[in-house]
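Single-letter residue listing:
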Amino acid sequence: MRIFVAGATGVIGRPLIAQLLAKGYHVTALTRSPEKAETLAEQGVEPAIADVFDADAVQAVVTRAQPDVVIEQLTSLPKTYTPESMQAAAALNDRIRREGGANLLKASLAAGVRRYVMQSIAFWAVPGAGLADEETPLAEDASPAVADGSRTLKGLEYRLLETPNIEGIVLRYGFFYGPGTWYAADGDAAQQVRQQQFPIVGNGEGVWSWIHVEDAAAATVAAVDRGNSGIYLIADDRPLEVRLWLWAYAQWLNTPPPPHVSVEQALRISGADAVYYGTQMRGVSNAKAKRELNFQPRPLEWMVNTAVAQAS
Ligand SMILES: NC(=O)c1ccc[n+]([C@@H]2O[C@H](COP(=O)([O-])OP(=O)(O)OC[C@H]3O[C@@H](n4cnc5c(N)ncnc54)[C@H](OP(=O)(O)O)[C@@H]3O)[C@@H](O)[C@H]2O)c1
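The residue numbers shown here count from 1 along each chain, following its written sequence. Only residues with pLDDT of at least 70 get local features here, since the model is predicted, and only at 80 or more are side-chain atom pairs given and counted; chain-wide, interface and lining totals rely on the full set of residues.

> Honestly, the sheet that holds strand β5 (residues 115-121) in this entry has me stumped. Any pointers?
The strands making up a sheet associate through hydrogen bonds between their backbones, and the pairing can be parallel or antiparallel. One requirement defines pairing of two strands: DSSP has to find at least two bridges between them. Runs of E in the DSSP output that reach at least two residues are strands. Runs of H or I that reach at least four are helices, and both are numbered from the N terminus. Overall, parallel pairing links the 7 strands, which are arranged β3-β2-β1-β4-β5-β6-β11 in an open sheet. Two strands in the sheet have a free side with no partner beyond their single neighbour: β3 (46-49) and β11 (230-234). Neighbouring strand axes in the sheet, compared pairwise and without regard to direction, differ in orientation by 20 degrees on average. Two strands pair when backbone bridges link them, and strand β1 (residues 2-6) and strand β4 (residues 69-72) are joined in this way by 4 bridges, in the parallel orientation. By the bridge assignment for β4, A6 is matched with E72. Think of it this way: build a C-beta for each residue from its backbone, and any pair within 7 Å is a contact. Here an axis means a line fitted to C-alpha atoms, over the contact stretch when the element is a helix, while the angle between two N-to-C directions is reported on a 0 to 180 degree scale. Lying over the sheet, helix α2 (residues 34-43) contacts β2 (26-31) and β3, oriented at roughly 165 degrees with respect to β3.

Now the structure itself:
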């Protein structure tokens, strides 16, 4: 099978490429960088150099690659994970998904691609009791950045799923952790926790769903192989309240427990989105992915072998 990957050099793209090659697939990978193209070629990938905003160039490389399946993992997110850096990155990230994604989808249709798999986000389901599933609406009335992001995602997902003549699959990933992510031991979130800058807000009852990037890649390969058109939530088996995972994370980093701040303090210092993430976020069920993709995620790395984890 011939696969074309956009976003191949990012945190999920790297393990994804390795797993696709291990299955014996022919992989073409998009990059803007001649240096990264060289590295990709050394791995056994056929590089395609183009900027996703250049519609003609995208059309040319997709047509040349003749893929059966296209995987879109495009993002433009900062290495730092703060409300300010995320806000500053949001416009370009949206544009990459909206305009870049449109160019890639159009090129895929013109090249007769059979299946198109797209990255989406699992943690913006509308708040409520219990776990969200694929039918749960997105949080379009939540705090400003979450509401904006939810509306953007809804549009992107709809665009793909309503496009005729192509099998559209949306993978809503949980919070990435693992090599290169914000939550790796050398990542920005870890640094903030060490500096006591990542507090538990209010009661810490926001529920987060996590996924190791290698498991996210494995689910993506399964979606390529045997997914059905539609949405899949890709997260591990145990969504966790912030007050639990953040304690365990600090222990895993061998650093003192996180501080507590009230909702009022958090609103003042970090804004409404931080309060949403800390107190209202809803976890998701991975039942559909387990059933249809034989998805078998590992337990969250810092919930294994830490005292907090064993007490919970
Ligand atoms: N669910 C989640 O929690 C989630 C999801 C996504 C990202 N993140 C976080 O965000 C941070 C950065 O993620 P990342 O590694 O994916 O970002 P990244 O390293 O910036 O990778 C983005 C990918 O998109 C490609 N790309 C960006 N703009 C492009 C353009 N104009 N034309 C063609 N390709 C373009 C890049 O290709 P080239 O640079 O090779 O051209 C690269 O492959 C990480 O900490 C990650 O954990 C989290």
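> Could you clarify how one ought to interpret the environment of P83 in this entry?
The topology assignment puts P83 in helix α4 (residues 83-110). Along the backbone, P83 and A272 are 189 residues apart, and their C-alpha atoms lie at a distance of 9.8 Å. Leave out the neighbours within four places in its chain, and P83 touches S270, G271, D273 and A274.

> Could you clarify how one ought to interpret helix α5 (residues 144-161) in this entry?
What sets the pattern is the α-helix's 3.6 residues per turn: residues three or four places apart point alike. Taking 1.5 Å of rise per residue, 18 residues should cover 26 Å, and α5 covers 26 Å from first to last C-alpha, within 8% of that figure. Buried, partly exposed and exposed are defined by the number of other C-beta atoms within 10 Å of a residue's own C-beta, namely 20 or more, between the two limits, and 12 or fewer respectively, with C-beta atoms placed from the backbone. Buried within α5 are the following residues: V146, G149, S150, L153, L156 and L160. The buried residues of α5 occupy one face: seen down the axis, they fall within an arc of 135 degrees. Seen from the buried face of α5, the exposed residues on the opposite side, beyond 90 degrees, are P144, G155 and Y158. Turning to α5, the residues buried within the fold contact α4, β5, β6 (167-173) and α10 (272-279). One less than the residue count of a helix, multiplied by 1.5 Å, gives the span that helix is expected to have. Throughout, the arc means that of the directions going from the helix axis to the C-beta atoms.

> Looking at this structure, how should I read unusual backbone geometry?
The phi angle of most residues is negative, glycine excepted, and most peptide bonds adopt the trans form. One non-glycine residue, Q66, lies in positive phi territory at about 50 degrees. Tracing the backbone shows Q66 in the loop between α3 (55-65) and β4. For N165, which is not glycine, the phi torsion reads 70 degrees and is therefore positive. Among the structural elements, N165 can be located in the loop between α5 and β6.

> Looking at this structure, I do not really get the pairing of β5. What am I missing?
Sheet faces and side chains relate simply in a regular strand, where the side chains alternate between the two faces. The buried fraction of β5 amounts to 6 of the 7 residues, a majority that puts the element mostly inside the structure. Looking at chain direction, β4 and β5 are connected through 4 bridges and run parallel. Its bridge partner being in β5, I71 is matched across the sheet by V117. Note on handedness: a clockwise path from strand one over the helix to strand two, with the strands aimed away from the viewer, defines a right-handed crossover. With α4 bridging β4 and its parallel neighbour β5, the resulting β-α-β unit is right-handed. Inspection of the sheet shows β5 paired to β6 by 7 bridges, in the parallel sense. Among the inter-strand pairings, V117 is bridged to a residue of β6, identified as I169.

> Even after reading the chapter, I still don't get the site of the ligand, so can you show me in this structure?
Around the ligand, the surrounding shell holds 28 residues, and the nearest of these are G10, T31, R32, V52 and T181. Counting residues per element, the ones that place at least two in the shell around the ligand are β2, α4 and β7 (175-177). Put plainly, near means the residue's C-beta atom, positioned from the backbone, lies within 6 Å of the molecule or strand in question.

> Before we go on, may I ask you to explain the nonpolar core in this structure?
One broad rule of soluble globular proteins: the nonpolar side chains tend to lie buried together. Buried Ala, Val, Leu, Ile, Met, Phe, Trp, Tyr and Cys residues whose C-beta atoms connect them within 7 Å together make up a nonpolar core. Counting residues in hydrophobic clusters, the biggest one holds 98 residues, and the most contacted among them are V5, A219 and I234. Excluding residues within four positions of it along the chain, I234 makes contact with A122, L171, R172, Y173, G174, I211, A216, A219, N286 and A289.

> Can you help me understand the environment of E140 in this one?
Position of E140 relative to the elements: it lies in the loop between β5 and α5. Between the C-alpha atoms of E140 and W182, which are 42 residues apart in sequence, the distance is 25 Å. When residues no more than four places from it in sequence are discounted, the contact partners of E140 are A147, S150 and R151.

> Is there a simple way to explain the packing of α4 against α5 in this structure?
How two helices sit against one another is set out by the angle between their axes and by the gap between those axes. Here α4 crosses α5 at 5 degrees, and the two axes come no closer than 11 Å. The orientation of α4 relative to α5 falls into the category roughly parallel. Facing M86, Q87, A90, D94, R97, R98, G101 and L105 of α4, the residues of α5 in contact are A145, T152, L156 and L160. Classifying every residue of the contact of α4 with α5 by side-chain character gives 6 nonpolar, 3 polar and 3 charged. The labels follow the angle: roughly parallel below 35 degrees, roughly antiparallel above 145, roughly perpendicular from 65 to 115, and oblique for the rest. For this scheme, ten residues count as nonpolar: Ala, Val, Leu, Ile, Met, Phe, Trp, Tyr, Cys and Pro. Four count as charged, namely Asp, Glu, Lys and Arg, and the remainder, Gly too, count as polar.

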